[in-house]
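Read off the chains here:
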Amino acid sequence: MNRAAHIILGVGVSIFIISRLFPTLQAIQIPLIVLGGGIGSVFPDLDRRRGHRKILHNIFFLVFFSSLFFIASLYLKIPMIIPTSFFLGYLSHLLGDMMTYRGVALLYPFKSNYYRSPLVIGRSEDLGVNVLGIVLGVILMFFGITGSR
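Calculation rules
- Residues numbered from 1 in each chain as written.
- Predicted model: local features only at pLDDT ≥ 70, side-chain atom pairs only at ≥ 80, totals over all residues.
- Heavy atoms only, no water.
- Helix = DSSP H or I, 4+ residues; strand = E, 2+ residues; numbered from the N terminus.
- Buried < 20%, exposed > 50% of the residue type's maximum accessible area, 1.4 Å probe, protein only.
- Contact = heavy atoms within 4.5 Å.
- Core = buried A, V, L, I, M, F, W, Y, C linked by side-chain atoms within 4.5 Å.
- Axes fitted to C-alpha atoms, helices over the stretch in contact; angles between N-to-C directions.
- Parallel < 35°, antiparallel > 145°, perpendicular 65-115°, else oblique.
- Left-handed = near helix turned anticlockwise from the far one by under 90°.
- Nonpolar A, V, L, I, M, F, W, Y, C, P; charged D, E, K, R; others polar.
- Expected span 1.5 Å × (residues − 1).
- Polar contact = N/O pair within 3.5 Å; in protein donor to acceptor, adjacent residues only side chain to side chain.
- Patch = residues over 30% accessible without salt bridge, like charges linked within 9 Å, V, L, I, M, F, W, Y side chains within 5 Å.
- Areas by Shrake-Rupley, 256 points an atom, 1.4 Å probe, with all protein chains shown as cover.
- Salt bridge = Lys/Arg side-chain N within 4 Å of Asp/Glu carboxyl O.

Visitor: Honestly, the environment of Met1 in this entry has me stumped. Any pointers?
Guide: Mapped onto the elements, Met1 comes out in the segment before helix H1 (3-21). Residue Met1 is classed as buried on the basis of its relative accessible area of 4%. Residues Met1 and Gly38, 37 residues apart in the sequence, show an inter-C-alpha distance of 14 Å. Contacts of Met1, omitting those with residues within four sequence positions, involve His6, Leu9, Gly96, Asp97, Met99, Thr100, Ser124, Val129, Asn130 and Gly133.

Visitor: Hey, could you run me through the nonpolar core in this one?
Guide: In globular proteins that are soluble, nonpolar side chains generally tend to be buried together. Core analysis: the biggest nonpolar cluster contains 15 residues, and Met1, Val13, Ile15, Ile18, Ile33 and Ile81 have the highest contact counts within it. Among the elements that take part in this core, H1 stands out by supplying 6 residues, more than any other. In this structure Ile81 touches Ile18, Leu25, Gln29, Leu32 and Ile33, once residues within four positions along its chain are discounted. If you look at the next biggest cluster of nonpolar residues, it comprises 9 residues, including Phe43, Tyr90, Met98 and Val104.

Visitor: Explanation requested: the packing of H1 against helix H4 (residues 81-97) in the structure shown.
Guide: Packed helices, taken two at a time, are described by their axes: the angle between them and the distance between them. Axis separation between H1 and H4 bottoms out at 8 Å; the angle between their running directions is 130°. Here H1 is positioned oblique relative to H4, judged by the angle of their axes. Once H1 is placed against H4, the crossing between them reads as right-handed. Contacts between H1 and H4 pair His6, Leu9, Gly10, Val13, Ser14, Ile17 and Ile18 from the former with Ile81, Thr84, Ser85, Leu88, Gly89, Ser92, His93 and Asp97 from the latter. Looking at the contact of H1 with H4, its residues break down into 6 nonpolar, 8 polar and 1 charged.

Visitor: How should I be thinking about unusual backbone geometry in this particular structure?
Guide: It is generally the case that most residues other than glycine have a negative phi and that most peptide bonds are trans. Here the amide bond leading from Tyr108 into Pro109 is cis, since omega sits at 15°, within 30 degrees of zero. With respect to the helices and strands, Pro109 occurs in the loop between H4 and helix H5 (127-146). Notably, Lys77 is not glycine yet its phi reads approximately 60°, a positive angle. Structurally, the position occupied by Lys77 is in the loop between helix H3 (59-76) and H4. Classification of Lys77 as exposed rests on a relative accessible area of 73%.

Visitor: In this structure, what is going on with H1? I would like to understand it.
Guide: Helix length check: H1, at 19 residues, gives a terminal C-alpha distance of 27 Å against a target of 27 Å (1.5 Å per residue), a fit within 8%. If you check which residues of H1 are buried, you get Ala5, His6, Leu9, Gly10, Val11, Gly12, Val13, Ser14, Ile15, Ile18 and Ser19. Its buried side turned inward, H1 meets helix H2 (30-42), H4 and H5. Capping of H1 at its N-terminal end is provided by Asn2; its side-chain oxygen lies 3.3 Å from the backbone amide nitrogen of Ala4.

Visitor: Got a minute to help me understand a nonpolar patch on the surface in this structure?
Guide: On the surface, Leu127, Val131, Val135, Ile139, Phe142 and Phe143 cluster together to form a nonpolar patch covering roughly 550 Å² of accessible area. Along the polypeptide, Val135 turns up in helix H5. Taking relative accessible area as the criterion, Val135 reaches 42% and is therefore assigned partly exposed.

Remember that the coordinates give geometry; whether it matters functionally is a separate question.
This is the structure in C-alpha cells:
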C-alpha cells in the first residue's frame, strides 16, 4: 500500500476498534486517535532504506515500540488513547502489507520467511490494493464515528 492508503486504513481501524472498546468515546478524542493511528500506520516504513519489510515489519518490533510508547505515555501523562491507536495503526500496516505478493517477515529476526494473508490482492503499488485500503479505512471510520453496529 502507499502511504495515504496505510494512513487511512490505520486511522479507520483505530477509530473503529477504539470506539468499540470505549463506547463513551467523545468527539474531542478523535484527533488523538487520528494522531496515534496515523503515526503507527506509517512507522513500519521507517525501514524503507534498509531491510524493508523485515526490520520494522514484524510482531516483535510492533510489541517493542508499542510497549515503549505505552510506558512513555504513562510517564509523560499522555492519554492512553494515543499509544493504543499507535498500536492499532502499526498492526493495520502489517496486515495491509500481508495482502501483497511480497508479504512481510512477521517473525524476523528469528525467521526471514515472508508471510502473506490468504487474500493477496497484488503489489503494494497496485491500484486495487490501495483502493481497498482507502475504502475499508473510510468505512471503518464511518462506523466508528457514527457508532453504527
